[in-house]
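# Observations on chain architecture
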Amino acid sequence: MTGRTHVLRADLSAGTVERERVPERWRRRYLGGKGLGARYLYAELAPDVDPLGPDNLLAFCVGPLSGSLPGESRYAAVTKSPLTGVFLDSYAGGTFAERLAGSLDDCLALLVTGASDEPVRIELGDGEGRIVPSPNWGADTVETASAHSDAAVACIGPAGENAVRYATIASDAGEHHAGRGGAGAVMGAKGLKAVLARGDRAAPPNEDLARLRDSLAEAYADDDTGRWQAAGETLESIDFADEVGALATEGWRKGTFEGTDEVGIDAAREASVGRENPDDPVPGGFRVETDDGETVPRGATQMTLGAGLGVDDFDAVAALGGCCDRLGVDVISAGNAVAWLARASDAGAIDASVEFGDPDAARAVIRRLAGRSASTIDDLDPAVIETLRRGVDAAADRFDVDGIPTVKAMELPSYDPRAAVGMALAYATSDRGGCHRRARPIEREVFGAWSDADRIEAVIEAQTRRSLLWSLVADDFAGETLHDDVGAAFFRVLADATGLAYPTTADDLAAAGERIWTLVRLFNVREGVDRTDDAVPDVLTEPITDGPAAGSRIDPDEFADLLDGYYRVRGWGRDGVPTRETLDRLGLADVRDADTPVGSPFADASE
């Protein structure tokens, strides 16, 4: 047992795959997953590199403990986002993640560089890889997976091939997605149709780790989070958001949805034909049948394609989600794109027969976005579709129609932060754009009277913790069962077995989480990100018009004070750039390059 000490580098321009050793310092300080992917991106990408050009790097990362942690195995897709132009890490679980970790053997990542003139796939096994031609260009994600039934497959659909900047990397025939930010478009630009993992599932490398994993898996199943997931996976999110008045509905026009019962958890249970992993204590999502085959709707599907589009028919919403899954397009960004088009049509800015509550029109738009035919909207100006492929921000700028909120050009999920200001802070400071997975303080804030200090503490703690968990790469839900230990016990066993140095205390691991979050901030500020990019959209300064949170809004001056407080605690300057003192404390001073600015401490900044 040697541990994971290498990476595979696939150069698609040269057609080669080579093994290389990870610098020992990188492995100890950044671990794997998000952290190691961020270190490679910061070291190898020049500022302003084109995300859809051959010089961008796409990393398929696992962690040093992949196969040994409780919960569903995951992998991280790390790259520069074509949607936001900044750092992107996106995650997916399932069989591909398990077999990727097994196929990489002693490697922590597959690094993909260059671009191929012809469609190719990469086949992995026994810590080796090869690049071969792919005849599946043009196929959807289910068809592509079906063509390789002897392997676990991660692939792009038509959306990735057509440079939709929120295209996903789909695995397990579209049941799982590295979803947000457009990693699928990066694959498409490189001519990479699929990655095949032919190795066995990753497993704990010794009995001590196996026992530790099993004991924590049992604890997870009995934990409140584990019970919540077992009962409804993430589908209860729509019921919760509607109850507290934080459910963005019909293009962010309202905060509640009358059709929640028709598309929520009870409707899913009634329609279900089974669960993803029926034999597991935490069995995963609900499988439902659609005319195009089975799909597994998640909370984001029901919130964005259901409430967000005013569609109150469960079967129709599930079918829209299945359509996105097959085409390989992010459901949150796609739903917001359709909502923007409906609002633009209502405003008379665009001639389009797209209305809220019409799932057929929504499906037609999504198909057109991915490059498929849709006769019901053939009269829609192709320039509208082409612009929407670049995201809602691009469409709003070109056609002068606002209303759909974004942060760093990433469309927000359907948790309306006006009902919980801490959620606004989480969105604004998210390192990959408007994302609810970095921190979800709304789940507690709506039930108590929080101060700004409470909000800041909750957001920073969650961001730092998840940076660590996603560098392991751990299931962030199951990762809650690690509690204050945050994986240190696993590393102590692994260090004893391999002789490799790892952080083996909770404090050291917490520091690694903060270091990784700050490294990503360095990458982003080198790309030009500053305080102005950590702002809340103007639409959120207008009050919610209905429901329990009616009248709630984000006050720009109060939010500016909240952001100041966040920067102070992070050790960043008022401009949102980490200070030299913070870089010294985290061991990043010698990592920062000359193209990356250094922040001025608040005490030295002009008041």
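Look up a bit, the structure's there.
Please read these numbers as outputs of a predicted model, since none were measured by experiment.

### Side note on the overall build of the chain
Secondary structure assignment for the chain yields 24 helices and 17 strands. For 607 residues, the compact-globule estimate of 2.2 N^0.38 gives 25 Å, and the chain sits close to it at 23 Å. Taken along its principal axes, the extent of the C-alpha atoms in the chain is 65 × 60 × 45 Å. Within the chain, the fraction of its 607 residues that count as buried is 63%. Of the contacts made within the chain by residues no fewer than 6 positions apart, 68% connect residues no fewer than 24 positions apart.

### A word on unusual backbone geometry
Of note, the amide linkage connecting Leu472 to Val473 takes the cis form, showing an omega dihedral of -10 degrees. Among the secondary structure elements, Val473 is positioned in the loop between helix 20 (452–472) and helix 21 (488–498). One non-glycine residue, Asp105, adopts positive backbone phi at about 55 degrees. For Asp105, a relative accessible area of 44% corresponds to the partly exposed category. Positive phi, normally seen in glycine, also occurs at Lys408, with a value near 55 degrees. For Lys408, the location among the structural elements is in the loop between strand 16 (406–407) and strand 17 (410–411).

### Things to note about the packing of helix 2 (residues 33–44) against helix 20
For any two helices packed against each other, one specifies the inter-axial angle together with the distance between the axes. Look at helix 2 against helix 20: their axes get within 4 Å of each other, and the N-to-C directions meet at 90 degrees. Judged by the angle between their axes, helix 2 and helix 20 are roughly perpendicular. Together, Gly33, Lys34 and Gly35 of helix 2 and Ser467, Trp470 and Ser471 of helix 20 make up the contact between the two elements. Its residues assigned to classes, the contact of helix 2 with helix 20 shows one nonpolar, four polar and one charged.

### Digging into the sheet that holds strand 14 (residues 286–290)
Pairing between sheet strands relies on hydrogen bonds along the backbone, with the strands arranged either parallel or antiparallel. Across the sheet, three strands lie side by side as 13-14-15; this open sheet has antiparallel pairing. The sheet terminates laterally at strand 13 (274–275) and strand 15 (293–295), the two strands that pair on one side only. Inspection of the sheet shows strand 13 paired to strand 14 by two bridges, in the antiparallel sense. From the neighbouring strand, Gly274 faces strand 14, where its bridge partner is Arg287.

### Regarding a negative patch on the surface
Side chains of Glu258, Asp261, Glu262, Asp291, Asp312, Asp313 and Asp315 sit close together on the surface and give a patch of like negative charge. Position of Glu262 relative to the elements: it lies in helix 10 (residues 260–263). The exposure class of Glu262 is partly exposed, given its relative accessible area of 39%.

### Some thoughts on the packing of aromatic side chains
Tallied over the entire structure, the rule returns 13 aromatic pairs. Ring plane angle 35 degrees and centroid distance 6.0 Å describe the contact between Tyr567 and Trp572, whose orientation is recorded as tilted. Looking at Tyr567, the relative accessible area reads 0%, which means it is buried. Relative accessible area serves as the criterion here: at 2%, Trp572 is assigned to the buried category. Taken together, the aromatic side chains of Phe60, Tyr75 and Phe96 make up a single cluster linked through ring pairs.

### Comments concerning helix 18 (residues 421–429)
Across the nine residues of helix 18, eight count as buried, placing the element largely inside the fold. Residues of helix 18 that are buried in the fold lie against strand 16, helix 19 (442–445), helix 20, helix 22 (506–526) and helix 23 (556–570).

### Some points on the environment of Glu411
For Glu411, the position within the fold is in strand 17. Residue Glu411 is classed as buried on the basis of its relative accessible area, which comes to 0%. Linking Glu411 and Asp346, residues 65 residues apart in sequence, is a C-alpha distance of 20 Å. Excluding anything up to four places from it in sequence, Glu411 contacts Leu83, Arg180, Ile332, Ser333, Asn336, Gly391, Val392, Pro405, Thr406 and Gly434. At 2.6 Å, the side chain of Glu411 and the side chain of Ser333 are in polar contact. A polar contact of 3.0 Å, which involves the side chain of Glu411, links it to the backbone nitrogen of Val392.

### Topic: the pattern of salt bridges
The tally for this structure, following the rule as stated, stands at 48 salt bridges. A salt bridge links Asp150 to Arg198; the nearest nitrogen and oxygen atoms lie 2.5 Å apart. One end of the pair, Asp150, is in the loop between helix 4 (141–146) and strand 9 (152–155); the other, Arg198, is in the loop between strand 12 (192–197) and helix 7 (207–222), and 48 residues separate them in sequence. On the basis of relative accessibility, which here comes to 31%, the residue Arg198 falls in the partly exposed class. Ionic pairing is found between Glu411 and Arg180, a salt bridge with its closest N-O pair at 4.0 Å.

### What to know about the nonpolar core
If you look at the biggest cluster of nonpolar residues, it comprises 88 residues, and the most contacted ones within it are Trp340, Leu341, Ile366, Phe559 and Tyr566. Among the elements that make up this core, the one with the highest residue count is helix 14 (residues 331–346) (10 residues). When residues no more than four places from it in sequence are discounted, the contact partners of Trp340 are Ile350, Val384, Leu388, Val392, Ala395, Ala396, Phe399, Val401 and Ile404.

What counts as what
- Residues numbered from 1 in each chain as written.
- Predicted model: local features only at pLDDT ≥ 70, side-chain atom pairs only at ≥ 80, totals over all residues.
- Heavy atoms only, no water.
- Helix = DSSP H or I, 4+ residues; strand = E, 2+ residues; numbered from the N terminus.
- Rg over C-alpha atoms; globule rule 2.2 N^0.38 Å.
- Buried < 20%, exposed > 50% of the residue type's maximum accessible area, 1.4 Å probe, protein only.
- Contact = heavy atoms within 4.5 Å.
- Axes fitted to C-alpha atoms, helices over the stretch in contact; angles between N-to-C directions.
- Parallel < 35°, antiparallel > 145°, perpendicular 65-115°, else oblique.
- Nonpolar A, V, L, I, M, F, W, Y, C, P; charged D, E, K, R; others polar.
- Pairing = 2+ DSSP bridges.
- Patch = residues over 30% accessible without salt bridge, like charges linked within 9 Å, V, L, I, M, F, W, Y side chains within 5 Å.
- Areas by Shrake-Rupley, 256 points an atom, 1.4 Å probe, with all protein chains shown as cover.
- Salt bridge = Lys/Arg side-chain N within 4 Å of Asp/Glu carboxyl O.
- Lys, Arg positive; Asp, Glu negative; His and termini not counted.
- Charge placed at Lys NZ, Arg CZ, Asp CG, Glu CD.
- Phe/Tyr/Trp six-rings, centres within 6.5 Å; stacked < 30°, edge-to-face > 60°.
- Polar contact = N/O pair within 3.5 Å; in protein donor to acceptor, adjacent residues only side chain to side chain.
- Core = buried A, V, L, I, M, F, W, Y, C linked by side-chain atoms within 4.5 Å.

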